[in-house]
Amino acid sequence: MELNGAQIVIQSLKDEGVEYIFGYPGGAVLHLYDAIFQQDDVKHILVRHEQGATHAADGYARSTGKPGVVLVTSGPGATNAVTGIATAYMDSIPMVVISGQVPSSVIGSDAFQEVDMVGITRPCVKHNFLVSDVTKIAETIKKAFYVATTGRPGPVVIDIPKDITAPDVKVPYHYPKKVEMRSYQPATTGNKAQIKKAIELLLTAQRPVIYSGGGVVLGNGSQELIELAHLLGYPVTQTLMGLGAFPSTDKQFIGMLGMHGTYEANMTMHESDLILAIGARFDDRVTGKLDLFCPYAKIIHVDIDPASISKTVKVDVPIVGEVKLVIRQLFEGLKDAKYKIDKKAAETWWQQINQWRSIQCLEFDRQSIAIKPQYVIEQLYQVTRGDAFVTSDVGQHQMWAAQYYPFDKPRRWINSGGLGTMGFGLPAAIGVKLAHPNADVACVTGDASIQMCIQELSTALQYKTPIKIINLNNSYMGMVRQWQEFSYESRYSHSYMETIPDFVKLAEAYGHVGIRIDKPEDVRAALEQAFAMKDRTVFLDILTDRTENVYPMIETGKSHHDMKLRVAIGTTTDRELS
Amino acid sequence: MRHIIAILMENEAGALSRVAGLFSARGYNIESLTVAPTEDASLSRMTLVTRGSEDVIEQIIKQLNKLIDVVKLIDLEEVVHIERELMLVKIKTADKMRDELRSVVDIFRGKIIDVTPASYVIEMTGTSDKLDAFIATVDKNSIIEVVRSGATGISRGEKGLHL
């Protein structure tokens, strides 16, 4: 079969099993768009801004485990995609981004819409390619998918000059079934000697804790983690990225850890004598001040990426491998071990943990006459029976969603953790809904974040992706305001928006349903109404308590046992609604 | 501590910038960097000299290994190895100094490879320390130009860095 470059790109994507491309046309990719036009197998989703394309592909990838695919033009199309690429990179999301480039003959001449995409994306991709020959397209695409989806996943950029996709140059097409790269061999099982050491530590620990992260979600290790945790009976805490891999409603779950983690999770970490870290990377939002991090603990660290191990925190037993396989190795080893867990120590440890739990650090004022954002998330959980896909933007609403929506399944909680990209939630929700048309998809957002990619409301209409936008509207950049309150004597520098649009009218202008809610007693009914409208995107503009803060909080430079808790519950009744 | 890291990488466009970019993005320092093709045209060999604590060097090696274009690498500090650097120095030579300079060059086993009535070009190889020592020996004011290749290195014995 002889095909031209553009046809080869599309045929390769088809042979790779790609369902959707998220993209936006432009000069350098016109040949490719012509090839897209002439087939129906790979569906193209036209976004309204290239950042939206990358986030939508990202949401698709996070919710399915399959790689997200993006197509953008050269120059501004490519640079607009960079934020989304970096977002995927920081959270290790498999993604293949094809960017058009100016024709080979003019590369380097500052041609119209020319930008060095390979150079610009180098620090925020797992790998990137510049295709220099039409005969290399298929192999390059195969390599890109292989690199993006194996080992520690990540985004891969393929930059294709316009002449390479020209319609008149046809070459034989063959899509390789397999690809091998001598310079890239991801790890699989863990080192047996290290596994043995880990098992010994796990069986002799007095105050153990399992600290699991996004790697368990990405590596499909959820079932294995549950079995291991149940075998051991140890407390489990999860990072923001790991939520759902271990069921939040399981009694061994002690909540999220880190800056806005629960009191019990952070205290358990601080007092523990053994941490089993799985697919987590000791991020600064998790560890707090490094010198004071878990002073009594030995650490076992399981990760697919050797560079994640002992990067910030020195560990005692490093195990490089796929989490799924390594957890299974640990499980088998524990079953066969000669001696058993110290039941008495475990009992004492759980008594201590339950005492920390009894503080009920997530309790909030339920008598408030202003709508408490926490209450909205609780209601969202109930209305969706805990089974929705929830995307979020970045800020206070993100933390409340993580704290008050107990996820029981992996890939249900979709948020930008590493890069913290505002504007992520709405396009991501569109990607999730395309992949799961029958599921409830909610985008928990705030009045500042939602405006960063609001144009994608138009995409949601065009492709009939009925999502529910839960806008926790406090007229502030809430998290910035909170930090300014705590650390800058309440000097609210530019964290207040005086000209917030009428989101109801805005939703309607985009062809959706908009509902404003300003009383706590109306929240439940509005949520039920929104989710009952199966075929409509609904924008719930919920005017919440404007000065509510996220608690608990570990402030910068503090450690896990030094948390700021909500002081007096039930005293904040100010209603500052405009 | 100073480490010499020898890297075999795919001989692809941009491979060098991936390494250089990694060092600048993560704040590691590069003392010197040399790169050239090997006997296998598909590979190039890079020698990188860096300094850092053991933890930093461990991260550098892990991060380098993570680059898709890096095929194999070795920290020469961990094995018995030979280090060599090439230096060319152009020196002003007043009449009465020429003999003395020649004997210094001999002591350092250098060669004079270009002569004019007023200058020598001296070629010298050795460890970076030796080249530093030579520079320290000659009168600073007489030096017109110094060019150094950066250190390269190879392990002793039968084993080597190859595929």
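Whatever comes next refers back to the structure up there.
Predicted model, so just to flag it, every value in this text is computed and none were measured. (Residues numbered from 1 in each chain as written. Chains lettered and ligands numbered in written order. Predicted model: local features only at pLDDT ≥ 70, side-chain atom pairs only at ≥ 80, totals over all residues. Heavy atoms only, no water.)

## What to know about the overall build of chain B
Moving on, step 1. Scanning chain B from terminus to terminus reveals four helices and nine strands.
Moving on, step 2. Going from N to C terminus, chain B has its helices and strands arranged as β-α-β-β-α-β-β-α-β-β-α-β-β.
Moving on, step 3. Referenced to the eigenvectors of the C-alpha coordinate spread, the extents of chain B come out at roughly 55 × 35 × 30 Å.
Moving on, step 4. Within the span of chain B, comprising 163 residues, buried residues form 43% of the whole.
Moving on, step 5. For chain B, the exposed area adds up to about 8,900 Å²; of that, 53% sits on carbon and sulfur atoms.
Moving on, step 6. If the 21 positive side-chain charges of chain B are averaged to one point and the 25 negative ones to another, these points end up 2 Å apart. (Helix = DSSP H or I, 4+ residues; strand = E, 2+ residues; numbered from the N terminus. Buried < 20%, exposed > 50% of the residue type's maximum accessible area, 1.4 Å probe, protein only. Areas by Shrake-Rupley, 256 points an atom, 1.4 Å probe, with all protein chains shown as cover. Lys, Arg positive; Asp, Glu negative; His and termini not counted. Charge placed at Lys NZ, Arg CZ, Asp CG, Glu CD.)

## Considerations on the overall build of chain A
Moving on, step 1. Within chain A, the regular secondary structure consists of 20 helices and 20 strands.
Moving on, step 2. Taking 578 residues into account, the globule formula puts the C-alpha radius of gyration at 25 Å, and chain A, at 24 Å, falls close to it.
Moving on, step 3. For chain A, the spread of C-alpha atoms along the principal axes amounts to about 75 × 65 × 40 Å.
Moving on, step 4. Within chain A, the fraction of its 578 residues that count as buried is 60%.
Moving on, step 5. Pairs at least 24 residues apart make up 77% of the contacts formed inside chain A by residues separated by at least 6 positions.
Moving on, step 6. In the structure as shown, chain A presents an accessible area of about 22,500 Å², 51% of it carried by carbon and sulfur atoms.
Moving on, step 7. Of the charged side chains in chain A, 57 are positive and 63 negative, and the gap between their average positions amounts to 5 Å. (Rg over C-alpha atoms; globule rule 2.2 N^0.38 Å. Contact = heavy atoms within 4.5 Å.)

## Regarding the interface of chain A and chain B
By a frequent convention, interface size equals the accessible area lost on bringing the separate parts together.
Moving on, step 1. Taken together, the contact between chain A and chain B spans 18 residues of the former and 19 residues of the latter.
Moving on, step 2. Taken together, both faces of the contact between chain A and chain B bury some 1,500 Å²; the carbon and sulfur share is 47%.
Moving on, step 3. Looking only at chain A, the three residues that lose the most surface to chain B are A:Arg122, A:Arg182 and A:Ser183, adding up to 42% of its buried area.
Moving on, step 4. In this structure, the connection of chain A to chain B is made through four salt bridges.
Moving on, step 5. Between A:Arg182 and B:Glu10 there is a salt bridge; the shortest N-O distance is 2.8 Å.
Moving on, step 6. Here chain A is connected to chain B by 11 residue pairs in polar contact (both at pLDDT 80 or more).
Moving on, step 7. For the side of chain A that touches chain B, the per-class residue count stands at seven nonpolar, four polar and seven charged. (Buried area = accessible area lost by both parts, 1.4 Å probe. Salt bridge = Lys/Arg side-chain N within 4 Å of Asp/Glu carboxyl O. Polar contact = N/O pair within 3.5 Å; in protein donor to acceptor, adjacent residues only side chain to side chain. Nonpolar A, V, L, I, M, F, W, Y, C, P; charged D, E, K, R; others polar.)

## Some thoughts on the packing of aromatic side chains
All names here are of chain A.
Moving on, step 1. For the coordinates displayed, the defined rule picks out 17 aromatic pairs over all chains.
Moving on, step 2. With centroids separated by 5.7 Å and ring planes inclined at 85 degrees, the aromatic side chains of Phe364 and Tyr404 adopt a geometry described as edge-to-face. Taken together, the positions of Phe364 in the loop between α13 (343-357) and α14 (373-383) and Tyr404 in helix α15 (residues 396-404) put the pair 40 residues apart, joining distant regions of the chain. When sorted by exposure, Phe364 lands in the same class as Tyr404, which is buried.
Moving on, step 3. Taking NZ or CZ as reference, Arg412 lies 4.2 Å from the ring centre of Phe389, over its face.
Moving on, step 4. In this structure, Arg481 packs its charged tip against the face of Tyr476, placed 5.6 Å from the ring centre. (Phe/Tyr/Trp six-rings, centres within 6.5 Å; stacked < 30°, edge-to-face > 60°. Lys NZ or Arg CZ within 6 Å of the ring centre and 35° of its normal.)

## Considering the sheet that holds strand β5 (residues 95-101) of chain A
Residues and elements named next belong to chain A.
Moving on, step 1. Here we have six strands laid out as an open sheet, ordered β3-β2-β4-β5-β7-β6, and parallel in their pairing. Each end of this open sheet is capped by a strand with a single partner; those strands are β3 (43-46) and β6 (127-130). Neighbour to neighbour, the strand axes of the sheet diverge by 20 degrees on average, direction disregarded.
Moving on, step 2. Pairing geometry for strand β4 (residues 68-72) and β5, over five bridges, is parallel. Counterpart to Gly68 in the pairing with β5 is Met95.
Moving on, step 3. In this fold helix α3 (residues 50-64) packs onto β2 (20-23), β4 and β5, with an angle of close to 165 degrees to the strand it touches most, β4. (Pairing = 2+ DSSP bridges. Axes fitted to C-alpha atoms, helices over the stretch in contact; angles between N-to-C directions.)

## Considerations on the packing of α3(A) against helix α16 (residues 425-435) of chain A
Describing two packed helices takes the angle between their axes plus the distance from one axis to the other.
All names here are of chain A.
Moving on, step 1. Contact pair α3 / α16: the axes reach a minimum separation of 6 Å and the direction vectors enclose 45 degrees. Relative to α16, the element α3 is oriented oblique. Judged by the twist between their axes, the crossing of α3 over α16 is right-handed. On α16, the residues that touch Gly52, His55, Ala56, Gly59, Tyr60, Ser63 and Thr64 of α3 are Pro427, Ala428, Gly431, Val432 and Ala435.
Moving on, step 2. When grouped by side-chain class, the residues that make up the contact of α3 with α16 number six nonpolar, six polar and no charged. (Parallel < 35°, antiparallel > 145°, perpendicular 65-115°, else oblique. Left-handed = near helix turned anticlockwise from the far one by under 90°.)

## Side note on the pattern of salt bridges
Residues and elements named next belong to chain A.
Moving on, step 1. Following the criterion strictly, the structure yields 41 salt bridges over all chains and no others.
Moving on, step 2. Between Glu363 and Arg366 there is a salt bridge; the shortest N-O distance is 2.7 Å.
Moving on, step 3. A relative accessible area of 25% places Glu363 in the partly exposed class.
Moving on, step 4. Residue Arg366 is classed as partly exposed on the basis of its relative accessible area, which comes to 43%.
Moving on, step 5. Lys409 is the salt-bridge partner of Asp387, the closest N and O atoms lying 2.9 Å from each other. With Asp387 in the loop between α14 and β15 (389-392) and Lys409 in the loop between α15 and β16 (413-414), the pair connects residues that are 22 residues apart, well separated along the chain.
Moving on, step 6. Judged by its relative accessible area of 36%, Asp387 is partly exposed.

## Comments concerning the sheet that holds strand β2 (residues 32-37) of chain B
All names here are of chain B.
Moving on, step 1. In spatial order, the strands read β2-β3-β1-β4; together these four strands make up an open sheet with antiparallel pairing. Edge strands, defined here as strands with exactly one partner in the open sheet, are β2 and β4 (70-75). Each adjacent strand pair in this sheet contributes to an overall mean axis angle of 15 degrees, direction not counted.
Moving on, step 2. Packing against the sheet, helix α2 (residues 54-66) makes contact with β1 (2-10), β3 (43-51) and β4, and its axis sits at approximately 160 degrees to β4.

## Regarding α15(A)
Working note: α-helix, 3.6 residues per turn, so residues spaced by three or four point in the same direction.
Moving on, step 1. Among the nine residues of α15(A), nine are classified as buried, and the element is accordingly described as predominantly covered.
Moving on, step 2. Listed in full, the buried residues belonging to α15(A) are A:Gln396, A:His397, A:Gln398, A:Met399, A:Trp400, A:Ala401, A:Ala402, A:Gln403 and A:Tyr404.

## Some words on unusual backbone geometry
Excluding glycine, most residues fall at negative phi; most peptide bonds, likewise, are trans.
Residues and elements named next belong to chain A.
Moving on, step 1. The amide bond that connects Tyr551 to the next residue, Pro552, takes the cis arrangement and shows omega of -10 degrees.
Moving on, step 2. Position of Pro552 among the secondary structure elements: in the segment after β20 (538-543).
Moving on, step 3. For Gln360, which is not a glycine, the phi torsion comes out positive at approximately 55 degrees.
Moving on, step 4. Its location among the elements puts Gln360 in the loop between α13 and α14.

## A few points about the state of the cysteines
All names here are of chain A.
Moving on, step 1. One pass over the full model with this rule turns up zero disulfides over all chains.
Moving on, step 2. Among the cysteines around Cys294, which has no disulfide bond, Cys361 carries the closest sulfur, lying 17 Å off.
Moving on, step 3. Free of any disulfide, Cys453 has its nearest neighbouring cysteine sulfur in Cys443, separated by 10 Å. (Disulfide = S-S within 2.5 Å.)

## Focus on the nonpolar core
Residue and element names in this part refer to chain A.
Moving on, step 1. If you look at the biggest cluster of nonpolar residues, it comprises 70 residues, and the most contacted ones within it are Ile278, Ile470 and Leu540.
Moving on, step 2. Non-local contacts of Ile278, meaning those with residues more than four positions away in its chain, are made with Ile210, Tyr211, Ser212, Gly213, Val216, Leu225, Leu228, Val302, Val323 and Ile327.
Moving on, step 3. Grouped together as the second largest cluster of nonpolar side chains are 46 residues, Phe22, Ala81, Ile93 and Cys443 included. (Core = buried A, V, L, I, M, F, W, Y, C linked by side-chain atoms within 4.5 Å.)

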